[in-house]
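What the coordinates show
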Amino acid sequence: MRIKKFKVVLGFFSFTILIGLIVATFYYNKPAVDVKDSEAMYFLTAQDLIDEFLEDEMGTSRKYSENIIQVKGKIYNISSNKGNSIITLKDPNAESSVICHMLPGENKRILQFKKGQSIYIKGICTGYLLDVIMVRCTLDD
Amino acid sequence: MIRNMRGIYFLVFGVLFMSGLRAQEKFLTKEGYVSFFSHSIVEDIKAENNQVLSVIDTITGKIAIQLLMRSFIFKKALMQEHFNEHYVESYKYPKATFSGKIMNFDQLDNRNIETEIVGTLTVHGVEKEISTKVDVAIKEDEITLTGNFKVDVADFNIKIPALVANNIAKTIKVTFELHHKPYK
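Overview of the structure. (Residues numbered from 1 in each chain as written. Chains lettered and ligands numbered in written order. Predicted model: local features only at pLDDT ≥ 70, side-chain atom pairs only at ≥ 80, totals over all residues. Heavy atoms only, no water.)

Things to note about the pairing of strand 5 (residues 95-102) of chain B
All names here are of chain B. Threshold: Buried, partly exposed and exposed residues are distinguished by accessible area as a fraction of the type maximum, computed with a 1.4 Å probe on protein chains only: under 20%, between the cut-offs, and over 50%, respectively. Put simply, DSSP H or I for four residues or longer makes a helix, DSSP E for two residues or longer makes a strand, and each gets a number counted from the N terminus. Pairs of strands are assigned from DSSP output, requiring at least two bridges between the strands.
The element strand 5 is largely enclosed, with a buried count of six among its eight residues. Where strand 3 (residues 62-68) meets strand 5, seven bridges bridge the pair, whose relative direction is antiparallel. Across the sheet, the residue bridging to Ile63 is Gly100, located in strand 5. Relative to strand 6 (residues 112-123), strand 5 is paired through six bridges, and the arrangement is antiparallel. By the bridge assignment for strand 6, Lys101 is matched with Val118.

See the structure below:
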């Protein structure tokens, strides 16, 4: 009887430890946020985003950091760096821009766009240098 | 902190706009590359940043570099999270900056040469004077700086919890590659 009870307790602890290890491994190896399949938390125009940073850089940085945001703006430039596309959104007379570093899978879709077109881009805002910087960006409908 | 940030803006804008606006005097990149690498017995950690801002004044050899800590991309999301939230506290210190001078810049004329770069590196709100060797490649329409240097994590008041102390090296290797184009 005692042996049976011991086996049950041992089994329970082994199971708990196994589950713990699986959870810890999953947590340790958790993937980066999937921007493409995630809903944006904030929706705004490129110029509004720039204006917010110019008014309160630290506060705006805290507000948007690590959140997915969707910006609407006019394409000022399309370039590439190390095989990944970069779309710059900027009003013609503005000083600053929103520089969107696109995900590798977006290159083909970007070919259909031209300078001057309005587009929606979803991504993660990392802050402001001379421009607002967004990474892991994807085209949004 | 705010005073430091204003100082850096002043420097960047200063390098860009003061002493006239002759385009060929200012070279700039907004897509510079900086990575850091930590080797320990437990694991290797690498993070890369491809959104580095760097401006060179070719008359004086002055250089100003800024990068966002949150732009560093890690292989593992958890590492990136811990790096930003617990180690470098990006919500308090969102940028790392370097302001300094490329030595003997006026003597480097359209060629590849190794020289020295000296200045102040600011990370996690802590300033430290550094000097390192840099390979400079000068062409008519591009100035490229490449090199690497080592920094001690403790010098920048970055506290690593004892639990993961063996996972992170005490000395980190920083690598940079900056392709500057004429500022227009």
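Now that the structure has been shown, we can carry on.
Comments concerning the pairing of strand 8 (residues 142-152) of chain B
Residue and element names in this part refer to chain B. The pairing of strand 7 (residues 126-139) with strand 8 spans five bridges and is classified as antiparallel. Bridging from a neighbouring strand, Val136 pairs with Leu145 of strand 8. Counting the residues in the hairpin turn of strand 7 and strand 8 gives two residues.

What to know about the interface of chain A and chain B
Just so we agree on the cut-off: Contacts are assigned to residue pairs that have any heavy atoms within 4.5 Å of one another. As used here, buried area is the combined drop in accessible area, with a 1.4 Å probe, of two parts when they are placed together. Here, a salt bridge means any Lys or Arg side-chain nitrogen found within 4 Å of an Asp or Glu carboxyl oxygen. N or O atoms closer than or at 3.5 Å make up a polar contact, with two conditions inside protein: a donor-capable atom paired with an acceptor-capable one, and, for residues adjacent in sequence, both atoms drawn from side chains.
Listed as interface residues are 27 residues of chain A and, on the opposing side, 29 residues of chain B. In total, about 2,500 Å² of surface goes out of reach between chain A and chain B, with carbon and sulfur atoms giving 59% of it. Considering only the surface of chain A that becomes buried against chain B, Tyr28(A), Leu129(A) and Leu130(A) emerge as the three largest contributors, covering 27% of it. A salt bridge links Glu57(A) to Lys95(B); its shortest N-O distance comes to 2.5 Å. Summed over the shared surface of chain A and chain B, the number is eight residue pairs in polar contact (both at pLDDT 80 or more). Only helix 1 (2-28), helix 3 (57-64), strand 2 (68-81), strand 4 (98-102), strand 5 (118-128) and strand 6 (132-140) of chain A provide two or more residues apiece to the side of chain A that touches chain B.

A short note on the environment of Lys133(B)
Residues and elements named next belong to chain B. If you trace the backbone, Lys133 turns up in strand 7. Judged by its relative accessible area of 56%, Lys133 falls in the exposed class. The spatial distance from the C-alpha of Lys133 to the C-alpha of Lys76 is 31 Å, given a sequence separation of 57 residues. For Lys133, the contacting residues outside a window of four places in its chain are Glu114, Thr115, Gly147 and Phe176.

What to know about the packing of helix 2 (residues 46-55) of chain A against helix 3 of chain A
Residue and element names in this part refer to chain A. What counts is decided by this rule: Orientation is described by lines fitted to C-alpha atoms, with helices fitted over the stretch in contact, and by angles between N-to-C directions that extend from 0 to 180 degrees. If an angle is under 35 degrees, it is roughly parallel; if it is over 145, roughly antiparallel; if it lies from 65 to 115, roughly perpendicular; otherwise it is oblique. Three residue categories are used. Nonpolar comprises Ala, Val, Leu, Ile, Met, Phe, Trp, Tyr, Cys and Pro, charged comprises Asp, Glu, Lys and Arg, and polar comprises the others, including Gly.
Closest axis-to-axis distance for the helix 2/helix 3 pair is 5 Å, and the angle between their directions is 130°. On the basis of the axis angle, helix 2 is oblique to helix 3. In contact with Leu49, Glu52, Phe53 and Glu55 of helix 2, helix 3 contributes Glu57, Thr60, Ser61, Lys63 and Tyr64. A breakdown of the residues in the contact of helix 2 with helix 3 according to their chemical character gives three nonpolar, two polar and four charged.

Remarks on the nonpolar core
Convention followed: The set of buried Ala, Val, Leu, Ile, Met, Phe, Trp, Tyr and Cys residues whose side-chain atoms join them within 4.5 Å is what this entry labels a nonpolar core.
Grouped together as the largest cluster of nonpolar side chains are 41 residues, with contacts concentrated most on Phe72(B), Ile102(B) and Leu145(B). Sequence-distant contacts of Phe72(B), that is, excluding residues within four places in its chain, are made with Val34(B), Ser35(B), Phe36(B), Ala47(B), Glu48(B), Asn49(B), Leu67(B), Gln80(B) and Phe83(B).

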